[in-house]
Amino acid sequence: MLSDNVSRIVDARVNDPGAIAAAAIRRVKATSLFGEHGKAMIIAADHPARGANRVGDDATAMADRFELLDRMCTALERPGVTGVLATADILEDLLLLGVLDGKSVFGSMNRAGLAGSVFEIDDRFTGYDAETIAAMGFDGGKMLTRIALDDPTTPSVLENTARAVDELNERRLIAMVEPFLSSWQDGKIRNDLSPEAVITSITIASGLGRRSAYTWLKLPVVDGMERVLASSTLPALLLGGEVKDPDAAFASWGKALKQPTAQGLVVGRSLLYPTNGDVAGAVDRAVSLL
(Lines give C-alpha, C1' and ligand atoms only; values in the text may rest on other atoms or scores of the structure.)
Protein backbone atom coordinates (compact mmCIF):
# COMPACT_ATOMS: atom_id res chain seq x y z
CA MET A 1 0.00 0.00 0.00
CA LEU A 2 2.84 2.39 0.86
CA SER A 3 4.53 1.89 -2.52
CA ASP A 4 1.19 2.44 -4.29
CA ASN A 5 0.71 5.73 -2.46
CA VAL A 6 4.21 6.91 -3.29
CA SER A 7 3.66 6.05 -6.95
CA ARG A 8 0.43 8.08 -6.97
CA ILE A 9 2.19 11.10 -5.48
CA VAL A 10 5.17 10.96 -7.80
CA ASP A 11 3.02 10.39 -10.88
CA ALA A 12 0.90 13.45 -10.04
CA ARG A 13 3.94 15.62 -9.34
CA VAL A 14 5.57 14.64 -12.64
CA ASN A 15 2.61 14.44 -14.97
CA ASP A 16 -0.13 16.55 -13.41
CA PRO A 17 1.13 19.16 -10.91
CA GLY A 18 -2.23 20.90 -11.14
CA ALA A 19 -3.73 17.92 -9.32
CA ILE A 20 -2.56 19.46 -6.05
CA ALA A 21 -4.62 22.62 -6.44
CA ALA A 22 -7.54 20.53 -7.67
CA ALA A 23 -7.31 18.32 -4.59
CA ALA A 24 -7.31 21.40 -2.35
CA ILE A 25 -10.48 22.68 -4.02
CA ARG A 26 -12.11 19.26 -3.80
CA ARG A 27 -11.19 18.69 -0.15
CA VAL A 28 -14.05 18.54 2.34
CA LYS A 29 -13.22 21.18 4.92
CA ALA A 30 -13.60 20.72 8.65
CA THR A 31 -16.83 22.10 10.07
CA SER A 32 -15.12 22.72 13.42
CA LEU A 33 -11.61 22.90 14.82
CA PHE A 34 -12.72 20.57 17.58
CA GLY A 35 -13.71 16.94 17.77
CA GLU A 36 -16.61 15.37 19.62
CA HIS A 37 -14.45 15.58 22.74
CA GLY A 38 -14.54 19.38 22.47
CA LYS A 39 -10.80 19.78 21.94
CA ALA A 40 -8.36 19.94 19.01
CA MET A 41 -6.00 17.02 18.33
CA ILE A 42 -3.52 18.13 15.68
CA ILE A 43 -0.68 16.04 14.26
CA ALA A 44 2.46 18.10 13.59
CA ALA A 45 5.09 17.26 10.98
CA ASP A 46 6.90 20.46 10.03
CA HIS A 47 10.20 19.43 11.64
CA PRO A 48 12.07 18.20 8.50
CA ALA A 49 11.90 21.58 6.76
CA ARG A 50 14.04 23.03 9.56
CA GLY A 51 16.51 20.16 9.29
CA ALA A 52 15.25 18.70 12.57
CA ASN A 53 14.96 15.06 11.52
CA ARG A 54 16.15 13.43 14.74
CA VAL A 55 13.95 11.21 16.88
CA GLY A 56 15.79 9.79 19.87
CA ASP A 57 19.07 8.25 18.73
CA ASP A 58 18.07 8.17 15.06
CA ALA A 59 19.39 11.36 13.44
CA THR A 60 17.44 10.86 10.20
CA ALA A 61 14.21 9.24 11.42
CA MET A 62 11.89 11.90 9.97
CA ALA A 63 13.90 12.18 6.75
CA ASP A 64 12.35 9.02 5.31
CA ARG A 65 9.41 10.72 3.62
CA PHE A 66 7.71 7.50 2.61
CA GLU A 67 7.66 6.24 6.19
CA LEU A 68 6.65 9.64 7.57
CA LEU A 69 3.66 9.79 5.24
CA ASP A 70 2.66 6.26 6.19
CA ARG A 71 2.79 7.15 9.88
CA MET A 72 0.85 10.36 9.29
CA CYS A 73 -1.88 8.51 7.39
CA THR A 74 -2.18 6.08 10.31
CA ALA A 75 -2.44 8.96 12.78
CA LEU A 76 -4.94 10.97 10.74
CA GLU A 77 -7.34 8.06 10.39
CA ARG A 78 -7.60 7.55 14.17
CA PRO A 79 -10.89 8.66 15.78
CA GLY A 80 -10.62 12.01 17.51
CA VAL A 81 -7.77 13.41 15.41
CA THR A 82 -8.98 16.78 14.17
CA GLY A 83 -6.17 18.24 12.10
CA VAL A 84 -2.63 18.47 10.82
CA LEU A 85 0.22 20.99 10.81
CA ALA A 86 2.96 20.79 8.19
CA THR A 87 4.86 22.49 5.39
CA ALA A 88 3.64 22.71 1.81
CA ASP A 89 5.50 19.65 0.54
CA ILE A 90 3.96 17.37 3.16
CA LEU A 91 0.47 18.87 3.06
CA GLU A 92 0.43 18.56 -0.73
CA ASP A 93 1.41 14.89 -0.49
CA LEU A 94 -1.45 14.37 1.95
CA LEU A 95 -3.84 16.23 -0.35
CA LEU A 96 -2.88 13.93 -3.21
CA LEU A 97 -3.52 10.94 -0.94
CA GLY A 98 -6.97 12.33 -0.09
CA VAL A 99 -6.56 12.00 3.69
CA LEU A 100 -7.33 15.61 4.71
CA ASP A 101 -11.11 15.54 4.29
CA GLY A 102 -12.84 16.82 7.41
CA LYS A 103 -9.56 17.86 9.02
CA SER A 104 -8.39 21.32 10.03
CA VAL A 105 -5.16 22.20 8.24
CA PHE A 106 -2.42 24.58 9.38
CA GLY A 107 0.51 25.65 7.21
CA SER A 108 3.95 26.11 8.74
CA MET A 109 5.22 29.58 7.82
CA ASN A 110 8.80 30.18 9.01
CA ARG A 111 11.47 27.49 8.69
CA ALA A 112 14.69 29.42 8.04
CA GLY A 113 16.03 28.89 11.56
CA LEU A 114 17.73 25.64 10.65
CA ALA A 115 18.52 23.37 13.56
CA GLY A 116 22.11 23.78 14.72
CA SER A 117 22.92 26.70 12.41
CA VAL A 118 24.69 29.91 13.46
CA PHE A 119 21.61 31.79 12.17
CA GLU A 120 19.06 29.57 13.92
CA ILE A 121 17.35 32.42 15.75
CA ASP A 122 16.89 34.38 12.50
CA ASP A 123 13.79 32.40 11.66
CA ARG A 124 12.61 34.06 8.46
CA PHE A 125 9.42 33.16 6.66
CA THR A 126 10.32 30.65 3.97
CA GLY A 127 7.16 28.52 3.98
CA TYR A 128 3.50 29.40 3.71
CA ASP A 129 2.18 32.95 3.62
CA ALA A 130 -1.31 34.07 4.60
CA GLU A 131 -2.40 34.54 0.99
CA THR A 132 -1.58 30.95 0.04
CA ILE A 133 -3.06 29.51 3.22
CA ALA A 134 -6.32 31.25 2.37
CA ALA A 135 -6.17 30.20 -1.30
CA MET A 136 -5.67 26.55 -0.30
CA GLY A 137 -8.71 26.66 1.98
CA PHE A 138 -6.68 25.96 5.11
CA ASP A 139 -7.53 27.12 8.62
CA GLY A 140 -4.45 29.03 9.69
CA GLY A 141 -0.71 29.33 9.87
CA LYS A 142 1.87 28.53 12.50
CA MET A 143 5.00 30.51 13.29
CA LEU A 144 7.89 29.59 15.57
CA THR A 145 8.87 32.70 17.52
CA ARG A 146 12.04 32.29 19.54
CA ILE A 147 12.96 35.39 21.52
CA ALA A 148 16.69 35.61 22.24
CA LEU A 149 17.57 38.70 24.27
CA ASP A 150 21.25 38.14 23.45
CA ASP A 151 20.76 38.06 19.66
CA PRO A 152 20.23 41.27 17.64
CA THR A 153 18.16 39.47 14.99
CA THR A 154 15.32 38.93 17.47
CA PRO A 155 13.51 42.22 16.61
CA SER A 156 13.17 41.10 12.98
CA VAL A 157 11.72 37.79 14.14
CA LEU A 158 9.14 39.67 16.21
CA GLU A 159 8.38 42.09 13.38
CA ASN A 160 7.87 39.31 10.83
CA THR A 161 5.70 37.35 13.26
CA ALA A 162 3.56 40.42 13.90
CA ARG A 163 3.16 40.95 10.15
CA ALA A 164 2.03 37.33 9.69
CA VAL A 165 -0.41 37.70 12.59
CA ASP A 166 -1.87 40.79 10.91
CA GLU A 167 -2.18 39.13 7.51
CA LEU A 168 -3.86 36.05 8.95
CA ASN A 169 -6.20 38.13 11.13
CA GLU A 170 -7.26 40.16 8.09
CA ARG A 171 -8.37 36.89 6.46
CA ARG A 172 -9.99 35.56 9.65
CA LEU A 173 -7.51 32.72 9.80
CA ILE A 174 -5.86 31.44 12.95
CA ALA A 175 -2.36 32.72 13.68
CA MET A 176 -0.76 29.96 15.75
CA VAL A 177 2.24 31.53 17.51
CA GLU A 178 4.78 29.23 19.18
CA PRO A 179 6.93 31.42 21.45
CA PHE A 180 10.03 30.54 23.44
CA LEU A 181 12.45 32.60 25.46
CA SER A 182 15.74 31.32 24.07
CA SER A 183 19.47 31.95 24.45
CA TRP A 184 22.78 30.93 22.93
CA GLN A 185 24.62 28.34 25.04
CA ASP A 186 27.84 26.73 23.81
CA GLY A 187 27.03 27.73 20.25
CA LYS A 188 23.50 26.33 20.29
CA ILE A 189 20.06 27.81 20.82
CA ARG A 190 18.43 26.54 24.00
CA ASN A 191 14.82 27.16 24.96
CA ASP A 192 14.23 28.15 28.58
CA LEU A 193 11.39 25.95 29.83
CA SER A 194 11.14 27.42 33.30
CA PRO A 195 7.62 28.66 34.15
CA GLU A 196 8.88 32.24 34.41
CA ALA A 197 10.47 32.13 30.95
CA VAL A 198 7.40 30.57 29.33
CA ILE A 199 5.19 33.20 30.96
CA THR A 200 7.44 35.96 29.61
CA SER A 201 7.30 34.48 26.11
CA ILE A 202 3.50 34.32 26.31
CA THR A 203 3.10 37.94 27.35
CA ILE A 204 5.38 39.06 24.49
CA ALA A 205 3.72 36.85 21.87
CA SER A 206 0.21 37.83 22.93
CA GLY A 207 0.89 41.46 22.07
CA LEU A 208 2.21 40.91 18.54
CA GLY A 209 0.15 42.36 15.70
CA ARG A 210 -2.58 44.96 15.27
CA ARG A 211 -5.28 42.53 16.33
CA SER A 212 -5.37 39.39 18.45
CA ALA A 213 -8.88 38.12 17.64
CA TYR A 214 -7.53 35.15 15.66
CA THR A 215 -4.26 34.62 17.55
CA TRP A 216 -3.74 31.29 19.29
CA LEU A 217 -0.68 30.14 21.20
CA LYS A 218 1.21 26.87 20.84
CA LEU A 219 2.93 26.21 24.17
CA PRO A 220 5.18 23.65 25.85
CA VAL A 221 3.91 21.83 28.91
CA VAL A 222 6.11 22.82 31.84
CA ASP A 223 5.87 22.94 35.62
CA GLY A 224 3.13 25.18 37.02
CA MET A 225 0.88 25.21 33.95
CA GLU A 226 -2.00 26.73 35.93
CA ARG A 227 0.13 29.85 36.51
CA VAL A 228 1.62 29.71 33.01
CA LEU A 229 -1.72 29.56 31.21
CA ALA A 230 -3.11 32.33 33.43
CA SER A 231 -0.75 34.79 31.73
CA SER A 232 -3.01 35.22 28.68
CA THR A 233 -6.64 34.80 27.64
CA LEU A 234 -5.62 33.65 24.16
CA PRO A 235 -6.59 30.07 23.28
CA ALA A 236 -3.65 27.71 23.77
CA LEU A 237 -2.70 24.45 22.12
CA LEU A 238 -0.21 22.31 24.01
CA LEU A 239 2.80 20.95 22.16
CA GLY A 240 4.29 17.56 22.85
CA GLY A 241 7.94 17.85 21.87
CA GLU A 242 10.19 14.81 22.04
CA VAL A 243 9.10 12.54 24.88
CA LYS A 244 11.50 10.37 26.85
CA ASP A 245 9.02 9.21 29.52
CA PRO A 246 5.61 8.66 27.86
CA ASP A 247 3.75 8.03 31.12
CA ALA A 248 5.00 11.27 32.67
CA ALA A 249 4.33 13.22 29.47
CA PHE A 250 0.76 11.99 29.09
CA ALA A 251 0.06 12.73 32.77
CA SER A 252 1.36 16.29 32.42
CA TRP A 253 -0.65 16.84 29.21
CA GLY A 254 -3.83 15.62 30.87
CA LYS A 255 -3.37 17.93 33.83
CA ALA A 256 -2.62 20.97 31.66
CA LEU A 257 -5.66 20.32 29.46
CA LYS A 258 -7.91 21.04 32.43
CA GLN A 259 -6.99 24.74 32.32
CA PRO A 260 -9.63 27.00 30.73
CA THR A 261 -7.49 28.38 27.89
CA ALA A 262 -6.13 24.94 26.87
CA GLN A 263 -7.95 23.97 23.68
CA GLY A 264 -6.14 20.78 22.74
CA LEU A 265 -2.85 19.24 21.66
CA VAL A 266 -0.44 19.71 18.77
CA VAL A 267 1.89 16.72 18.86
CA GLY A 268 4.36 15.36 16.34
CA ARG A 269 7.33 13.11 16.97
CA SER A 270 6.12 11.58 20.23
CA LEU A 271 2.98 10.24 18.49
CA LEU A 272 4.41 9.56 15.04
CA TYR A 273 7.51 7.84 16.41
CA PRO A 274 6.54 6.39 19.81
CA THR A 275 9.15 4.33 21.61
CA ASN A 276 7.08 1.15 21.21
CA GLY A 277 6.43 1.77 17.50
CA ASP A 278 2.64 1.73 17.90
CA VAL A 279 1.49 4.94 16.20
CA ALA A 280 -2.22 4.16 16.44
CA GLY A 281 -1.92 3.27 20.12
CA ALA A 282 -0.01 6.45 20.95
CA VAL A 283 -2.52 8.62 19.11
CA ASP A 284 -5.48 6.89 20.76
CA ARG A 285 -3.92 7.44 24.16
CA ALA A 286 -3.44 11.15 23.45
CA VAL A 287 -7.03 11.47 22.23
CA SER A 288 -8.25 9.82 25.46
CA LEU A 289 -6.82 12.78 27.40
CA LEU A 290 -9.24 15.11 25.66
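Computed from a predicted model, the values in this text were never measured in an experiment. Throughout this document, residue positions are counted from 1 along each chain, in the order its sequence is written. In view of the model being predicted, local features appear only for residues whose pLDDT reaches at least 70, and side-chain atom pairs are presented and counted only at 80 or more, with totals across whole chains, interfaces and linings using the full set of residues. As a rule here, side-chain values come from all non-hydrogen atoms in the structure, and water together with hydrogens is ignored.

**Overview of the nonpolar core**
Generally speaking, a soluble globular protein has its nonpolar side chains buried in company with each other.
Okay, so step 1: By nonpolar core is meant a set of buried Ala, Val, Leu, Ile, Met, Phe, Trp, Tyr and Cys residues that side-chain atoms within 4.5 Å join together. Buried means the residue's accessible area, taken with a 1.4 Å probe over protein chains only, is under 20% of the maximum for its type, while exposed means over 50%, and partly exposed covers the values in between. Among the nonpolar cores identified, the biggest contains 73 residues, and Met41, Met72, Leu94, Leu265 and Leu271 are the most heavily contacted of them.
Okay, so step 2: We call two residues contacting when some pair of their heavy atoms lies within 4.5 Å. Among residues more than four places away in sequence, those in contact with Met72 are Ile43, Ala45, Val84, Ile90, Leu94 and Leu272.
Okay, so step 3: Counting eleven residues, the second-largest nonpolar core is a separate cluster that includes Ile42, Ala44, Leu85 and Ile174.

**Re a nonpolar patch on the surface**
Okay, so step 1: Any residue with relative accessible area above 30% and no salt bridge may belong to a patch, with like charges joined within 9 Å and the nonpolar Val, Leu, Ile, Met, Phe, Trp and Tyr side chains within 5 Å. Throughout, the Shrake-Rupley method with a 1.4 Å probe supplies accessible areas, and for residues the shown protein chains are the sole cover considered. Salt bridges are counted wherever a side-chain nitrogen of Lys or Arg sits within 4 Å of a carboxyl oxygen of Asp or Glu. Taken together, the side chains of Leu114, Val118 and Phe119 define a hydrophobic patch exposed on the protein surface, amounting to about 290 Å² of accessible area.
Okay, so step 2: Helix and strand labels come from DSSP, where a helix needs a run of H or I of at least four residues and a strand needs a run of E of at least two; each type is numbered from the N terminus. Mapped onto the elements, Val118 comes out in the loop between strand E3 (104–108) and helix H5 (130–135).
Okay, so step 3: Overall, the relative accessible area of 75% leaves Val118 in the exposed class.

**Comments concerning the pairing of strand E5 (residues 174–185)**
Okay, so step 1: Within E5, nine of the twelve residues are buried, which leaves it mostly tucked inside the rest of the structure.
Okay, so step 2: In terms of strand pairing, E5 meets strand E7 (residues 215–220) through three bridges, oriented parallel. Paired with Ala175 across the two strands is Thr215, which belongs to E7.
Okay, so step 3: Of the pairings in the sheet, the one linking E5 to strand E6 (residues 188–191) comprises four bridges and is antiparallel in character. Its bridge partner lying in E6, Ser182 is registered against Asn191.
Okay, so step 4: DSSP calls a pair of strands paired once it identifies at least 2 bridges connecting them. Linking E5 back to E6 in an antiparallel pair, the connection comprises two residues, with Asp186 at a positive phi of about 55°.

**Here's the deal with the packing of helix H3 (residues 65–76) against helix H11 (residues 279–288)**
Okay, so step 1: Helix axes are fitted to C-alpha atoms over the stretch in contact, other axes to C-alpha atoms as well, and angles between N-to-C directions run from 0 to 180 degrees. Viewed as axis vectors pointing N to C, H3 and H11 meet at an angle of 40°, and their least axial separation amounts to 9 Å. One way to sum up the angle between H3 and H11 is to call them oblique. Every pair of crossing elements has a handedness; the one defined by H3 and H11 is right-handed. Counted together, Arg71, Thr74 and Ala75 of H3 and Val279, Ala280 and Val283 of H11 form the full contact between these two elements.
Okay, so step 2: Counted by class, the contact of H3 with H11 contains four nonpolar, one polar and one charged residues. When describing relative orientation, an angle under 35 degrees is termed roughly parallel and one over 145 degrees roughly antiparallel, while 65 to 115 degrees is termed roughly perpendicular and anything else oblique. Rotating anticlockwise by less than a right angle from the far helix to the near helix defines a left-handed crossing, while the corresponding clockwise rotation defines a right-handed one. Each residue receives one of three labels: charged for Asp, Glu, Lys and Arg, nonpolar for Ala, Val, Leu, Ile, Met, Phe, Trp, Tyr, Cys and Pro, and polar for the others, Gly being one of them.

**As for the packing of helix H2 (residues 18–26) against helix H4 (residues 88–97)**
Okay, so step 1: Two elements in contact, H2 and H4, have axes whose closest approach is 9 Å; the angle formed by their N-to-C orientations is 70°. Classified by the interaxial angle, the pair formed by H2 and H4 is roughly perpendicular. On the side of H2, the interface is formed by Ala19, Ile20, Ala23 and Ala24, while H4 contributes Glu92, Leu95 and Leu96.
Okay, so step 2: When its residues are assigned to classes, the contact of H2 with H4 shows six nonpolar, no polar and one charged.

**Structural notes on the side chain of Ser182**
Okay, so step 1: With respect to the helices and strands, Ser182 occurs in strand E5.
Okay, so step 2: Using a relative accessible area of 5% as the deciding quantity, one classes Ser182 as buried.
Okay, so step 3: Here the side chain of Ser182 touches Asn191 through a polar contact of 2.7 Å, side chain to side chain.
Okay, so step 4: Once residues lying within four places of it in the same chain are set aside, the contact partners of Ser182 are Ile121, Arg146, Ile147, Ala148, Leu149, Asp150, Ile189, Arg190 and Asn191. As used in this structure description, the phrase polar contact means that two N or O atoms lie within 3.5 Å; if the pair is within protein, one of them must be able to donate a hydrogen and the other to accept it, and residues adjacent in sequence are counted only when both atoms belong to side chains.

**Side note on the pattern of salt bridges**
Any two side chains of opposite charge can pair, on the condition that their charged atoms come close.
Okay, so step 1: Under the counting rule described, the total for this entry stands at 18 salt bridges.
Okay, so step 2: One salt bridge in this structure joins Glu92 and Arg13, with 3.8 Å as the shortest N-O distance. Linking Glu92 in helix H4 with Arg13 in helix H1 (residues 2–15), this pair joins segments that are 79 residues apart in sequence.
Okay, so step 3: Given a relative accessible area of 34%, Arg13 falls into the partly exposed group.
Okay, so step 4: Linking Asp93 and Arg13 is a salt bridge whose minimum nitrogen-to-oxygen distance equals 3.0 Å. Taken together, the positions of Asp93 in helix H4 and Arg13 in helix H1 put the pair 80 residues apart, joining distant regions of the chain.
Okay, so step 5: Residue class for Asp93 comes out buried when judged on its relative accessible area of 6%.
Okay, so step 6: A cluster of three or more residues bridged by salt bridges with shared partners is formed by Asp46, Arg111, Lys142, Glu178 and Lys218.

**With respect to helix H6 (residues 154–170)**
Okay, so step 1: Given the number of residues in a helix, its expected span is that number minus one, multiplied by 1.5 Å. Over its 17 residues, H6 extends 24 Å from the first C-alpha to the last, a length consistent with the 24 Å expected when each residue adds 1.5 Å.
Okay, so step 2: Of the positions making up H6, those classed as buried are Thr154, Val157, Thr161, Ala162, Ala164, Val165, Asp166, Leu168 and Asn169.
Okay, so step 3: Tucked inside the fold, the buried residues of H6 contact H5, strand E4 (140–148), E5 and E7.
Okay, so step 4: Just past H6, the residue Arg172 takes up positive phi, approximately 55°.

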